[in-house]
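# Fold and geometry: a report
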Amino acid sequence: MSNLTERIQKIENEIQRACENSGRSRKDVEVVAVTKSVSTVRANEVKEAGIIQLAENRAEELLVKQEAISEGVEWHFIGNLQSRKVRDIINEIDFLHSLDRISIAKEIQKRAKKEINCFIQVNVSGESSKSGITPEELDTFVSDLKSYDKIKVIGLMTMAPNIEDQEVLRTVFKDMKILRDRLMAQQLTHAPCTELSMGMSNDFVIAVEEGATYVRIGTALVGAESEGYE
Ligand SMILES: *Cc1c(COP(=O)(O)O)cnc(C)c1O
């Protein structure tokens, strides 16, 4: 088995165990491979290995990889999106994980040819270095989005703080699920909010245990470019 196949198998086992531990169905968790730090060649290997949801955080890089890989991939945009870049990518992606400003919503409304699946990015840990709206702003933001019919709020996204403390991480993910559940219960047509995008290489197991429906895994899955190719 190649390193890549082994890494994918290890992640798969860990997700399965996390599902069992928390009484969830494995089918309710999607694995998104974050390919931002590796080449198009590696991204294509990931796809060939069966992970067909790929994520990038820069518009230019997404377009380059897409051009080279094209078929059979669902593309996720997970980075901070500048208004002037919306036009370049909005009709090329399947999911936007980083909606956190009305200015972006306006630009999407203007440029999108179809309804776009969006996650609202929430900064639940309160770190100033992170993008995202605060939990307190969430209800108003969601209700403001109602007039943008190109935007479908399918869920919430967060990046947990980069720390080791498992209990703090768990609290962040629990808080996110509470926010998601509250919105979902409102059954808003423009914001069904059934999904939770959370969990990265270092914390996806806890995120799955706490209800993540999309995990965004970079280095633990795709490896680091400096390793070279297998
Ligand atoms: C880079 C990145 C990831 C993946 O990070 P890893 O620690 O490499 O798994 C996930 N989500 C976002 C928003 C990122 O920018």
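Each remark here, short or long, concerns the structure printed above.
Each chain has its residues counted from 1, following the order in which its sequence is written. Predicted model: local features are reported for residues with pLDDT of at least 70 only, side-chain atom pairs are reported and counted for 80 or more only, and whole-chain, interface and lining totals are derived from all residues. By convention in this description, side-chain values take in all heavy atoms of the structure and omit both hydrogens and water.

Turning our attention to the packing of helix 2 (residues 40-48) against helix 3 (residues 59-69). All axes here are fitted lines through C-alpha atoms, helices being fitted over the stretch that makes contact, and every angle between N-to-C directions spans 0 to 180 degrees. Per the convention used, a helix needs a DSSP run of H or I reaching at least four residues, while a strand needs a run of E reaching at least two, with both numbered from the N terminus. At their nearest, the axes of helix 2 and helix 3 sit 10 Å apart, and the two run at 55° to each other. Between helix 2 and helix 3, the crossing angle belongs to the class labelled oblique. Note on packing geometry: the crossing formed by helix 2 with helix 3 is right-handed. Residue-level inspection shows Thr40, Ala43, Asn44 and Lys47 of helix 2 in contact with helix 3, the latter providing Val64, Lys65, Ala68 and Ile69. The residue makeup of the contact of helix 2 with helix 3, split by class, is four nonpolar, two polar and two charged. Any angle from 65 to 115 degrees is called roughly perpendicular, while one under 35 is roughly parallel, one over 145 is roughly antiparallel, and all others are oblique. Crossings are classed by handedness, with left-handed meaning an anticlockwise turn of the near helix from the far one by less than a right angle and right-handed meaning a clockwise turn. Contacts are assigned to residue pairs with any non-hydrogen atoms lying within 4.5 Å of each other. Three categories are distinguished: nonpolar for Ala, Val, Leu, Ile, Met, Phe, Trp, Tyr, Cys and Pro, charged for Asp, Glu, Lys and Arg, and polar for the others, with Gly belonging to the last.

With that out of the way, let us pick up the site of the ligand. When at least one non-hydrogen atom of a residue lies within 4 Å of a molecule or strand, that residue is treated as near it. Residues in close proximity to the ligand include Val34, Lys36, Ile78, Met157, Met159, Met200, Ser201, Arg216, Ile217, Gly218 and Thr219, which together make up its full environment. The term polar contact refers here to a pair of N or O atoms within 3.5 Å; inside protein, the definition further demands a hydrogen-donor-capable atom paired with an acceptor-capable atom, and it admits residues adjacent in sequence only when both atoms are side-chain atoms. At 2.7 Å, a side-chain N or O of Lys36 approaches an oxygen atom of the ligand. Between the ligand and the protein, one listed contact pairs an oxygen atom with a backbone N or O atom of Gly218 at 2.7 Å. Against a free-state accessible area of 390 Å², the protein chains account for coverage of 88% of the ligand. Calculation of accessible area relied on Shrake-Rupley with a 1.4 Å probe; when residues are assessed, cover is drawn exclusively from the protein chains displayed.

Next up on the list: unusual backbone geometry. The phi torsion at Gln187 lies on the positive side, around 50°, for a residue other than glycine. Mapped onto the fold, Gln187 is located in the loop between helix 7 (166-185) and strand 7 (195-197). A positive phi angle is found at Cys193, which is not glycine, with a value near 50°. Along the chain, Cys193 falls in the loop between helix 7 and strand 7. Between buried and exposed lies partly exposed: a residue is buried under 20% and exposed over 50% of the maximum accessible area for its type, with that area taken using a 1.4 Å probe on protein chains only. Assessed through its relative accessible area of 0%, Cys193 is described here as buried.

Attention shifts here to the nonpolar core. Definition used in this section: a nonpolar core is a set of buried Ala, Val, Leu, Ile, Met, Phe, Trp, Tyr and Cys residues joined via side-chain atoms within 4.5 Å. Ranked by internal contacts, the top residues of the largest apolar core, which has 65 residues, are Leu99, Ile108, Ile120, Leu156 and Leu221. Sequence-distant contacts of Leu99, defined by excluding residues within four places in its chain, comprise Ile104, Ala105, Ile108, Cys118, Phe119, Ile120, Gln121, Phe141, Leu145 and Ile151. In this structure, Val32, Phe95, Phe119 and Met157 belong to the second largest nonpolar core, which totals nine residues.

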